[in-house]
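Tertiary structure, described
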Amino acid sequence: TPELVYDPRLTNHANGALGIRSVFAVVENMDEAFSRYHRLPGTKRRSFAVGRTIVMNEQQVVVVERGGLTAMFPGLDVLSAPHIGGFALTVADLAATRSLFAKQGIYFKNWGDKGIWVPPEDTGGAVVAFVDQSAPV
């Protein structure tokens, strides 16, 4: 029921997360994997230096090979493909998220000027990035 799905006790988090922005899929061959998404209506597809992005509304699947994920998150030890290498969450206030993590002793790295990320060894196995909601998709 809507009362349960949208219960503020379950939808609000101290880290300010608002929702999933991206999922990072690590694949053997990103061009072959990326081509599978051409069948999805209403998607936008973009390429960037180390990966391919499929945008669906305000969310995206980022398809990368192992080296691509390492390029996106320097110093990351990436497992063999295929797997979900991580995901990014939008946050209402990145400064507040940084402050909370610092106060609670949660290790994170900066990810450009609009994000931070926590390495897999501290999250249960996947990169978890936090991106300011104002950052473009």
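Residues numbered from 1 in each chain as written. Predicted model: local features only at pLDDT ≥ 70, side-chain atom pairs only at ≥ 80, totals over all residues. Heavy atoms only, no water.

All right, on to the pairing of strand β4 (residues 59-64) then. Counting buried residues along β4, 5 of its 6 residues qualify, which places the element largely inside the surrounding structure. Pairing of strand β1 (residues 17-26) with β4, which is carried by 5 bridges, proceeds in the parallel orientation. Each bridged residue has a counterpart across the sheet, and for V23 the counterpart in β4 is V61. Sheet analysis places strand β3 (residues 51-56) next to β4, joined by 6 bridges and oriented antiparallel. Residue pairing across strands places M56 opposite Q59, the latter belonging to β4. Where β3 folds back on β4, the antiparallel hairpin that results is connected by 2 residues, among which N57 adopts a positive phi of roughly 60°. (Buried < 20%, exposed > 50% of the residue type's maximum accessible area, 1.4 Å probe, protein only. Helix = DSSP H or I, 4+ residues; strand = E, 2+ residues; numbered from the N terminus. Pairing = 2+ DSSP bridges.)

Tracing the sequence through the fold places T90 in strand β5 (residues 83-91). Setting aside residues up to four positions removed in sequence, T90 forms contacts with G16, A17, L18, G19, R21, V131 and Q133. (Contact = heavy atoms within 4.5 Å.)

Spatial relationships are all this shows, so hold off on functional conclusions.
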